[in-house]
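Remarks on the overall topology
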Amino acid sequence: MSSDRLFRGPIDLHTHSRVSDGTESPAQLVRAAAEAGLGTVALTDHDSTAGWAEASTAAVGNGITLIPGMELSTRVEWSSVHMLAYLFDPNNAKLVAETARIREARLHRAEEMVARIGRDYDLEWDDVVAQTEPGSTVGRPHIADALVARGLVSTRSEAFEGILHWRAGYYQPHYAPDPLAAIELVVAAGGVPVMAHPATRSRTDVALEGRMRSYADAGLFGLEIDHRENTPEGRVRLRALATKYGLALTGSSDYHGEGKPNRLGENTTAPEVVDALIARATGTTPIYA
Ligand code: AMP
Ligand code: FE
Ligand code: FE
Ligand code: ZN
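The notes below deal with the structure included here. Keep in mind the model is a prediction, meaning the values are calculated, not measured.

Scoring rules and cut-offs
Residues numbered from 1 in each chain as written. Chains lettered and ligands numbered in written order. Predicted model: local features only at pLDDT ≥ 70, side-chain atom pairs only at ≥ 80, totals over all residues. Heavy atoms only, no water. Donors = N, O, S within 2.8 Å, 3.2 Å for Na, K, Ca; no water. Helix = DSSP H or I, 4+ residues; strand = E, 2+ residues; numbered from the N terminus. Buried < 20%, exposed > 50% of the residue type's maximum accessible area, 1.4 Å probe, protein only. Near = heavy atom within 4 Å. Polar contact = N/O pair within 3.5 Å; in protein donor to acceptor, adjacent residues only side chain to side chain. Areas by Shrake-Rupley, 256 points an atom, 1.4 Å probe, with all protein chains shown as cover. Nonpolar A, V, L, I, M, F, W, Y, C, P; charged D, E, K, R; others polar. Salt bridge = Lys/Arg side-chain N within 4 Å of Asp/Glu carboxyl O. Pairing = 2+ DSSP bridges. Contact = heavy atoms within 4.5 Å.

A separate point is the coordination of the iron ion (ligand 2). Donor atoms from the polypeptide that bind the iron ion (ligand 2) are D21 (OD), H46 (NE2) and H256 (NE2), placed at 2.1 to 2.2 Å. In the primary structure, the donors to the iron ion (ligand 2) are separated according to the pattern D-x24-H-x209-H. Separation of the iron ion (ligand 2) from the iron ion (ligand 3) amounts to 5.4 Å. Linking H46 in the loop between strand 2 (40-43) and helix 2 (52-62) with H256 in the loop between strand 7 (248-251) and helix 10 (271-280), this pair joins segments that are 210 residues apart in sequence. Per residue, the accessibility class of H46 equals that of H256, and both read buried.

Rendered as structure tokens:
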């Protein structure tokens, strides 16, 4: 019942800090969430829980309920698929080992991409290091920031449309587990998996649809339907999949600070869905405001 609820809305279940490819510290992000009028926010940095402690402290100070989370990198064939994970045990040994492996693979992949880019442009690995918080999950956004700092492009988006696009010839994939393995890892750590923005590109989306029964059987909780990158046609398919497999539907901003146009709270998740998400989790609890 709503009167028993320990958290307030609006609820935004997908945000990034400088611990991965956002531009704000976890504390700044939580303050921005309070200023945006949110009641509950999930911190979901890529492949890392390093921001949880700082975000928790800031949440208490700003009247925000924090749902600790992560956005796990996974891969189907050659396409990258993102798996949101909430309220898992951050000390689960298998999950800790797998995220460390992914971060390491991301680092080597970024170094190799920069070496390739450096043959054609005035860019060195040190330029990327200068744009990256020590210990954070390195991704193409940090290479983009280095390209901006070098004056080779004017924004992250321009970098993604040009030099960092796979068509440009510098792109390289990195190791990431299969989505099914990621779901199993998160569930074994007491967490709740939700597939991030699953309807952005048709080829991968079709591959995912064929596997959805196995994902649901393994404990997938929901699909992130309200996300600015999901196509209108894709959302219709996601709604049908959710009905067919008994999956919840979430909505969120995928805020990256100034790194993307996405604004906090531009999409939100229903409180009833968050009730069910919290009830499912056994790994850890929200930090209630
Ligand atoms: P990576 O995982 O290293 O291949 O980089 C993908 C990340 O880049 C995603 O998590 C997005 O947050 C970010 N990204 C993708 N497209 C853009 C864009 N146009 N502008 C800014 N960031 C982007
Ligand atoms: Fe990102
Ligand atoms: Fe994502
Ligand atoms: Zn994200």
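Having seen it, we continue.
Moving on, we get to the site of ligand 1. Residues in contact with ligand 1 amount to 14 residues; listed here are only the nearest, H46, R106, R109, R140 and H256. In the model, an oxygen atom of ligand 1 is placed 2.9 Å from a nitrogen or oxygen of the H46 side chain. When ligand 1 is considered free in solution it has 500 Å² of accessible area, and contact with the protein chains removes 83% of it. Mapped by element, the contributors of at least two residues to the shell around ligand 1 are helix 3 (93-120), helix 5 (140-149) and helix 6 (156-161). Considering every element that reaches the shell around ligand 1, the biggest residue donor is helix 6, with three residues. When grouped by side-chain class, the residues that make up the shell around ligand 1 number two nonpolar, six polar and six charged.

The next subject is the pattern of salt bridges. Two side chains with opposite charge may pair up if their charged atoms get near one another. Scanning the model with the defined rule gives 13 salt bridges in all. The shortest N-O distance in the salt bridge between E229 and K260 comes to 3.4 Å. Here the residue E229 occupies a position in the loop between strand 6 (222-226) and helix 9 (232-245), and K260 occupies one in the loop between strand 7 and helix 10, the gap between them amounting to 31 residues. Assessed through its relative accessible area of 36%, E229 is described here as partly exposed. With a relative accessible area of 27%, K260 lands in the partly exposed category. What you see here is one network of salt bridges that share partners, running through R5, E272 and D275.

A word on the coordination of the iron ion (ligand 3). Distances from the iron ion (ligand 3) to its protein donors, namely E71 (OE), H82 (ND1) and H197 (NE2), fall within the range 2.1 to 2.2 Å. Considered as a linear motif, the donors of the iron ion (ligand 3) on their single chain read E-x10-H-x114-H. On the basis of relative accessible area, H197 is assigned to the buried category, the value being 15%.

With 11 of its 12 residues buried, strand 3 (residues 65-76) lies for the most part within the structure. Both strand 3 and strand 4 (residues 79-86) contribute to a ladder of eight bridges, which runs antiparallel. Counted as the bridge partner of M70 is A85 from strand 4.

Quick look at the environment of R228 now. When you line up the elements, R228 lands in the loop between strand 6 and helix 9. Residues R228 and R106, 122 residues apart in the sequence, show an inter-C-alpha distance of 25 Å. The residues touching R228, leaving out its near neighbours within four places in the chain, are R235, P261, N262, R263, E266 and N267. A polar contact is formed between the side chain of R228 and the backbone oxygen of P261, at a distance of 3.5 Å.

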